[in-house]
Each structure stands twice: as structure tokens, then as C-alpha cells.
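One letter stands for each residue in the lines below.
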Amino acid sequence: NAGVTQTPKFRILKIGQSMTLQCTQDMNHNYMYWYRQDPGMGLKLIYYSVGAGITDKGEVPNGYNVSRSTTEDFPLRLELAAPSQTSVYFCATGGEGGRNQPQHFGDGTRLSIL
Amino acid sequence: QKEVEQNSGPLSVPEGAIASLNCTYSDRVSQSFFWYRQYSGKSPELIMSIYSNGDKEDGRFTAQLNKASQYVSLLIRDSQPSDSATYLCAVNIRGGADGLTFGKGTHLIIQP
């Protein structure tokens, strides 16, 4: 039982490049989230999804896009990477009840934009 | 407007003592409160969840919630060096997205 799996673990991008961060879960949770964490800071919500085909913006969505075609997968796409997007990205899942339920995190993707 | 506040620390506690971590939040109608532990370079790991006023105990950990004061705390008894980590307080903030709002975390150091 893998839980929440994120790939890649590390990536260096050049300014203006694009990439997709992958997130897959086997917990059968409807709720999925993408957060970013900058050094010394808490996590900030980028996008979330309450089920397949449904996504919505979080606190810091600019420069990102998501899709949710299946319950298991919730990829995050960066278009035109900028240095401000250098961060650690965490994918998380939550059970029914959304924000009232604890969230379970993947190991993260460490992304540097140079 | 800061919605979830924590003292960033570092908080230094001798081994075997009680570590007390505090968190305040701005939304009076928040209903769900979580403590996560995050080791350096790792992902957040759920330690405790609490939904009602009062204390909730799980092993060496006790979460305390006071909704009237908008205050939630985490006590760690018999602190061990392995407890050294950053502790994140997370709250569901009404009016925002469906995710949690996190504090910046308190860096806890247990001195052997």
C-alpha cells in the first residue's frame, strides 16, 4: 500500500520551461490537494479537487494548472516556469468530509527554477 | 491578516521534559484542528487531530483546544531527541478553499 506517490522527487528547470508534477494515490480518497512550501514557511494551497472531473483554485494558483480525470491521479502542471516557483511541492489526499478530515501527504517534489 | 500563528522558535527542551507548542487562529467557526510533525527534508506527518474543546491524548502527545480563546496546543511528554522536528498547526479556515491553512511551524529541539 503506497499511499500517495509523487514523481519526480527532484527537478531543475530553466526559466520558461514547463513540466508536470505527478501525484498518484491508492487510498481511494476523493479529495486531493497540491501545496507548495517555501523555506521556513507553512504550506500554501495551490489547487484542490473534490473528485474526478472537479478542480478548484486555492490560495496561490497563478502559474499552475491541474486536471483530475481519475480518482487516483492529480497532476500539477507548471507553464513558463519562473524563479518564484522554486519550492517544495506536496500532494495530499483527504477522506470524505474535506477540510474536516486529516490529510495524508506524499514525499514531495523539490523543484528549482534557474 | 495572519490566520494561523505559531511561534517559529527554536524551542529548546531538555530530554525527558514536557514540550509545549502553541497555535492561535483567526476564524471563530473553525471546526477541525491538526498537528503535523515535519522532519527536515521530509513531508508532514499527522500527529494529532482534535475537533472538540478540551484535551485529547494519544501516547505521549496531548492536544488541547479552546475555541473561545481560539487557541490549540500540543504537549509532548517525556520528550525524546527523536521528537526534534518542526511542528505545523493546521486549521480549516471558513471562507477559503477546501484545503487546510497551515501555520509556519515551530522548530522544536530536544537536548539530550
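These notes cover the structure that comes with them. (Residues numbered from 1 in each chain as written. Chains lettered and ligands numbered in written order. Predicted model: local features only at pLDDT ≥ 70, side-chain atom pairs only at ≥ 80, totals over all residues. Heavy atoms only, no water.)

**Points about the overall build of chain A**
A count of helical and extended segments in chain A gives zero helices and eleven strands. Overall, chain A shows an N-to-C arrangement of helices and strands of β-β-β-β-β-β-β-β-β-β-β. Here the C-alpha radius of gyration of chain A, 13 Å, is about what a compact globule of 114 residues would show, namely 13 Å. A burial count over chain A gives 47% of its 114 residues as buried. At a minimum sequence separation of 6, the contacts of chain A that also span at least 24 residues come to 55%. (Helix = DSSP H or I, 4+ residues; strand = E, 2+ residues; numbered from the N terminus. Rg over C-alpha atoms; globule rule 2.2 N^0.38 Å. Buried < 20%, exposed > 50% of the residue type's maximum accessible area, 1.4 Å probe, protein only. Contact = heavy atoms within 4.5 Å.)

**With respect to the sheet that holds strand E7 (residues 61-66) of chain B**
Strand order in the open sheet made by the five strands is E1-E3-E8-E7-E6 (chain B), with antiparallel pairing throughout. Unpaired on one side and paired on the other, strand E1 (4-5) and strand E6 (54-58) of chain B mark the two borders of the sheet. (Pairing = 2+ DSSP bridges.)

**Some thoughts on the interface of chain A and chain B**
Facing the 24 residues of chain A at the interface are 24 residues of chain B. Carbon and sulfur atoms supply 52% of the area that chain A and chain B bury against each other, a total of about 1800 Å² over both sides. Counting every contact that joins chain A to chain B gives zero salt bridges. Linking chain A to chain B there are five residue pairs in polar contact (both at pLDDT 80 or more). Those elements that provide at least two residues to the side of chain A that touches chain B are strand E4 (31-37), strand E5 (43-51) and strand E10 (103-105) of chain A. (Buried area = accessible area lost by both parts, 1.4 Å probe. Salt bridge = Lys/Arg side-chain N within 4 Å of Asp/Glu carboxyl O. Polar contact = N/O pair within 3.5 Å; in protein donor to acceptor, adjacent residues only side chain to side chain.)

**Considering the sheet that holds strand E8 (residues 76-78) of chain A**
Picture the strands of a sheet paired through backbone hydrogen bonds; they go either parallel or antiparallel. All names here are of chain A. The strand order E1-E3-E8-E7 describes an open sheet built from four strands, whose pairing is antiparallel. The two strands at the open ends of the sheet, each matched to only one other strand, are strand E1 (4-7) and strand E7 (64-66). The mean inter-strand angle of the sheet, taken between neighbouring strand axes irrespective of direction, is 20°. When E1 meets strand E3 (residues 19-25), the two strands line up antiparallel, connected through four bridges. In the strand pairing of E3, Val 4 is matched with Gln 25. (Axes fitted to C-alpha atoms, helices over the stretch in contact; angles between N-to-C directions.)

**Concerning the pattern of salt bridges**
In a structure, side chains of opposite charge can pair up when their charged atoms sit close to one another. Residue and element names in this part refer to chain B. Applying the stated rule across the entire model yields seven salt bridges over all chains. Its salt-bridge partner being Arg 60, residue Asp 83 comes within 2.9 Å of it at the nearest N-O pair. A residue pair is termed long-range when its members are at least 10 positions apart, and Asp 83 in the loop between strand E8 (71-76) and strand E9 (85-91) and Arg 60 in the loop between E6 and E7 qualify at 23 residues. On the basis of relative accessible area, Arg 60 is assigned to the partly exposed category, the value being 27%.

**Brief notes about the state of the cysteines**
Taken as a whole, this structure holds two disulfides over all chains when the rule is applied. In this model Cys23(A) forms its disulfide with Cys91(A); the gap between the sulfur atoms is 1.9 Å. Between Cys23(A) and Cys91(A), the disulfide has an S-S torsion of -70° and is therefore left-handed. Placement of Cys23(A) in strand E3 and of Cys91(A) in strand E9 (residues 87-94) is noted, with a sequence separation of 68 residues between them. Here Cys23(A) and Cys91(A) have matching classes, each one buried. In this model Cys23(B) forms its disulfide with Cys89(B); the gap between the sulfur atoms is 2.1 Å. Residues Cys23(B) and Cys89(B) share a disulfide whose torsion about the S-S bond is about -75°; that sign makes it left-handed. Linking Cys23(B) in strand E3 (residues 19-25) with Cys89(B) in strand E9, this pair joins segments that are 66 residues apart in sequence. (Disulfide = S-S within 2.5 Å.)

**A few points about unusual backbone geometry**
One can expect most non-glycine residues to show negative phi and most peptide bonds to be in trans. Residue Pro8(A) follows Thr7(A) across a cis peptide bond; omega there is -10°. Position of Pro8(A) among the secondary structure elements: in the loop between E1 and strand E2 (10-13). With an omega of 10°, the peptide bond running from Gly9(B) to Pro10(B) counts as cis. Mapped onto the secondary structure, Pro10(B) falls in the loop between E1 and strand E2 (11-14). Unusually for a residue other than glycine, Asn28(A) sits at a positive phi of about 60°. Tracing the backbone through its elements, the reader meets Asn28(A) in the loop between E3 and E4. Among the residues examined, Asn28(A) registers a relative accessible area of 64% and is labelled exposed.

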